[in-house]
Structure formats: structure tokens, C-alpha cells
Amino acid sequence: MSENHHQQPSRQSTHRFSLGDAEVVTILDGAMTIGIRPPFLLDKDDDQVAAIAKSANLPPDKLVNNFVPTLVKTGSELVLFDTGCGHFRRDKGAGRLLDVLIGAGISPSDIGIVVLTHVHPDHIGGILEAGDLAFPNAELMIGRREYDEWALGDNIPPQRAQNREMFLSLISPLAERFRFLEDGDRVASGITAEAGFGHSLGHMMYRIENSGNQLLVWGDVANHFVFSVGYPESPVAFDDDKDLAIASRKKVLEMAAADRLQIVGHHMPFPSVGHVERAGRSYRWVKAAGAN
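Sequence positions are assigned chain by chain, starting from 1 and proceeding in written order. Residues qualify for local features only when their pLDDT is at least 70, as the model is predicted, and side-chain atom pairs are given and counted only at 80 or more; totals for whole chains, interfaces and linings, by contrast, use all residues. Side-chain numbers here rest on the full set of heavy atoms in the structure, without hydrogens or water.

Caption draft 1: Highlighting helix H6 (residues 242-259). The first and last C-alpha atoms of H6 sit 25 Å apart over 18 residues, in line with the 26 Å expected at 1.5 Å per residue. Exposure categories follow from relative accessible area, calculated using a 1.4 Å probe and restricted to protein chains: below 20% of the type maximum is buried, above 50% is exposed, and the middle band is partly exposed. Going along the chain from the N terminus, every DSSP run of H or I of four or more residues is numbered as a helix, and every run of E of two or more is numbered as a strand. Every buried residue of H6 is listed here: Ala245, Ile246, Ser248, Arg249, Val252, Leu253, Ala256 and Ala257. For H6, the angular spread of buried residues about the axis comes to 165 degrees, placing them on one side. H6 presents Asp243 and Lys251 as exposed residues on the side facing more than 90 degrees away from its buried surface. Looking one or two residues beyond H6, the residue adopting positive phi is Arg260, at roughly 50 degrees. Helices are assigned an expected span. That span is 1.5 Å times one less than the residue count. In this description, the arc belongs to the directions extending from the helix axis to the C-beta atoms.

Written out as C-alpha cells, the structure reads:
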């Protein structure tokens, strides 16, 4: 790890809470502001988007996007979900995961499992640091369908060409270190992989259960707390299979609302913990109590 990595982590970079006997830590890898019309609501015109944004006190002409990996301490196991942006976006305010972990007293060498929701850049960029494994002692896990689709490449949309090169550079050489997961597979004690395909072709979610409590790490099933959660049937530019992503989003949001599931979302407003409530014929994101 370079000595002049980037800015020192602040107190607001981590959020800890208990899930039964387990501890969950959400980690702010960083945030970026994109100065364009938010790339959601593709079935709406500019006036409609502006009205939706205004009703939520959001700007219609830019998007603030944060990146939030999640660490779960369950028994003796330390499980990290996603690796953030790594050095690829350090000049843009992200890629802070390693510094934040170290600042919180967590050594990267203590991470026992690194499991990926999918292989978009803000989820895999931190898997290596200065050419070496950032989490050298961790078992690596990924959805089998996700890995196979990116390795084959035939169904990867053209706008993801650079992302596929990143996959071939970072992930493909590590194939022998990965355990490949199917829907329903056990990741670790109390942690189960669940299919949530669409945002990427083999996108996975992870359900954590401990002492009767449940948490769903949903990755990017919904990747904006208003534009995605409130309008799940609207196509999203970031989604690789838009129809499949819409189907998964609707299914997961309904399940989350019906079961009152606690959720961690990679792009929900930090600390990225909350739940989903029905709102008329749609849904709304509700930040967890105490998640300031």
C-alpha cells in the first residue's frame, strides 16, 4: 500500500451495528458527483425527471454516488462484500477502503472471505493493491453465472467493453482462487448467496442470518434511493440487462417490504443501511434508526 494513498479516513467513514451476535460494518469507499442528468428513469422526459428530483429535494442535473462495501464479523469469520474502487478512482474521491479499514483497526490480512456481488468497477477495483492481493489471506467468492458471462463476453453490452478488460485484467487471472457460487449456496456461517440477476448478468445478493435477525446485502439491485427504489419499473442506464434488472428489482423490493428486511445497499445514502416500505403502488427507502 502506498504511503501517500489518499486522504485520512474520517469518523463518518464507517458505521457499525449488531445483527444478533454478529457485527456489521458499512464502509464508505468514497463518493463522486457526476454532472449529468441522473442516468435513471430512462422512460421519463427531462421535465418528468426534474419534477421527480424536485419532489425529493434532489438536483435534476447531477448525481451524487457513493460506494459502500460491507464487512460482517460472524463468529471467528471476517467476510467482506465487494472491494470498492481501488486505485482506479482515487483521483476522483473514491478507493479509500483499505485506509478506512486500517483506520478502524481492521487489518486487511485478517479478512477471511471476500465475496463479490458482481464485477462492475466500483466492486472489484480494490481486489488488488500495487499488483498484489489487497486481502492476501482471503478466500475469494463470486457467482458462477457472473464469472462465466464476463469470461465468455458474448452477452456483455458494448458500453461495458472497458469493464470487461478490467475483469480480464483483475479477476480472470485469479480464477483458481475463487469459489464459484450458485443461488442458495452457503458462503459462511449464516450467510447465503441469492440470485439477483440483471444489473449485471449474474449479479448476486447475500442474506445474513443471526439469532433470528436477517440482513440482505443487495449490492446494486436498486442503486438509487429515489430513482430506483421509487420507480423500479423504469430502465436504468447502469443495468446490463435492463428487463431482467427490472424484474429482479420489483421482486426484491416487494420481498424486502413484505418481510421488513434490513438492507445494506452499495449506493444507498451512507451509511447505506435501511429498509423498504410500500408507498402507494411503489416503494420508498427508509434509513435505519441511528444511521446518521
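Caption draft 2: Molecular detail of the nonpolar core. Grouped together as the largest cluster of nonpolar side chains are 32 residues, with contacts concentrated most on Leu71, Ile111, Phe135 and Ile171. When contributions to this core are tallied by element, the ones reaching two or more residues are strand E2 (22-27), strand E6 (77-81), helix H2 (97-103), strand E10 (139-143), helix H4 (144-152) and helix H5 (161-170). The greatest single-element share of this core, amounting to 4 residues, is contributed by H2. In contact with Ile111, other than residues within four places in its own chain, are Leu71, Leu78, Leu80, Ile106, Phe135, Asn137 and Ala138. Residues belong to a common nonpolar core when they are buried Ala, Val, Leu, Ile, Met, Phe, Trp, Tyr or Cys residues joined through side-chain atoms within 4.5 Å. Core analysis: the next-biggest nonpolar cluster, separate from the first, contains 23 residues, Val115, Leu181, Ile191 and Ile208 among them. In this analysis, two residues are considered to be in contact whenever any of their non-hydrogen atoms come within 4.5 Å of each other.

Caption draft 3: Structural context of the environment of Thr74. Inspection of the secondary structure puts Thr74 in strand E5 (residues 70-74). When residues no more than four places from it in sequence are discounted, the contact partners of Thr74 are Ala22, Ser189, Ile191 and Asn210.

Caption draft 4: Spatial organisation of empty space enclosed by the protein. Whether a set of points on the 1 Å grid over the protein atoms alone is a cavity depends on a 1.4 Å probe fitting there but being unable to get out, while an open set qualifies as a pocket with protein on both sides within 12 Å along at least five of seven lines; lining residues are those with an atom within 4 Å of a point. Grid points are joined across faces, edges and corners, and a volume is the space filled by probe spheres set on the points. Summed over the entire model, instances satisfying the criterion amount to 2 cavities of 30 Å³ or more. The space that makes up the largest cavity amounts to roughly 50 Å³. Considering the residues around the largest cavity, the lining is formed by Val68, Pro69, Thr70, Phe81, Asp82, Thr117, Val217, Gly219, Val264, Gly265 and His266. Note that Gly is not counted as nonpolar here; it falls among the polar residues with everything else outside the nonpolar set of Ala, Val, Leu, Ile, Met, Phe, Trp, Tyr, Cys and Pro and the charged set of Asp, Glu, Lys and Arg. Looking at side-chain class alone, the lining of the largest cavity contains 5 nonpolar, 5 polar and 1 charged residues. One number sums up the size of the second largest cavity: a volume of about 40 Å³. Every residue along the wall of the second largest cavity is listed here: Asp29, Thr83, Gly86, Arg90, Gly95, Leu97, Leu98, Gly126 and Glu129. A breakdown of the residues in the lining of the second largest cavity according to their chemical character gives 2 nonpolar, 4 polar and 3 charged.

Caption draft 5: Layout of the packing of aromatic side chains. Ring pairs shown here join Phe, Tyr and Trp side chains whose ring centres sit within 6.5 Å, with only the six-membered ring taken for Trp; geometry is labelled stacked below 30 degrees between planes, edge-to-face above 60, and tilted in between. Tallied over the entire structure, the rule returns 8 aromatic pairs. Both rings, one in Tyr147 and one in Phe167, keep their centres 5.3 Å apart while their planes meet at 65 degrees; by these two values the pair is edge-to-face. One end of the pair, Tyr147, is in helix H4; the other, Phe167, is in helix H5, and 20 residues separate them in sequence. Residue classification places Tyr147 among the buried positions, given a relative accessible area of 10%.

Caption draft 6: Seen up close, the sheet that holds E6. Strands are treated as partners if at least two bridges between them are detected by DSSP. Taken in spatial order, the 7 strands line up as E1-E2-E5-E6-E7-E10-E11 in an open sheet, and their pairing is mixed. Each edge of the sheet is formed by a strand with only one pairing partner; in this case those strands are strand E1 (14-19) and strand E11 (178-181). Averaged over neighbouring strand pairs, the angle between their axes works out to 20 degrees when direction is ignored. In the packing of H4 onto the sheet, contacts are made with E10 and E11, and the angle to E10 comes to roughly 80 degrees. Each axis is a line fitted through C-alpha atoms, taken for helices only over the stretch in contact, and angles between the N-to-C directions span 0 to 180 degrees.

Caption draft 7: Local environment of the pairing of E5. In terms of residue burial, E5 counts as a mostly covered element, since 4 of its 5 residues are buried. Examined bridge by bridge, E5 and E6 share 5 bridges and lie antiparallel to one another. Paired with Lys73 across the bridge in E6 is Leu78. Here E5 folds back onto E6, and the loop between the two strands holds 2 residues, one of which, Gly75, carries a positive phi near 60 degrees.

Caption draft 8: The arrangement of the confidence of the model for the chain in detail. Per-residue confidence from the predictor is given as pLDDT, running between 0 and 100. Taken as a whole, the chain shows an average pLDDT of 94; of its residues, 96% reach a score of 70 or greater. Every residue in residues 1-11 scores below 50 in pLDDT, and together they form 20 contacts with partners more than four places removed in sequence or on other chains.

Caption draft 9: Molecular detail of the layout of surface pockets. Within this model, the largest pocket holds a volume of roughly 410 Å³. If you go around the largest pocket, you meet 21 residues; those closest to its centre are Asn65, Arg89, Asp122, Arg160 and Phe238. In terms of residue count, the dominant contributor to the lining of the largest pocket is strand E4 (residues 63-67) (3 residues). Grouping the amino acids of the lining of the largest pocket by side-chain chemistry returns 10 nonpolar, 6 polar and 5 charged. A volume near 250 Å³ is recorded for the second largest pocket. Every residue lining the second largest pocket is listed: Cys85, Phe88, Arg89, Pro121, Asp122, Gln159, Arg160, Gln162, Asn163, Glu165 and Met166. For the lining of the second largest pocket, the element with the most residues is H5, which contributes 4 residues. Looking at side-chain class alone, the lining of the second largest pocket contains 4 nonpolar, 3 polar and 4 charged residues.

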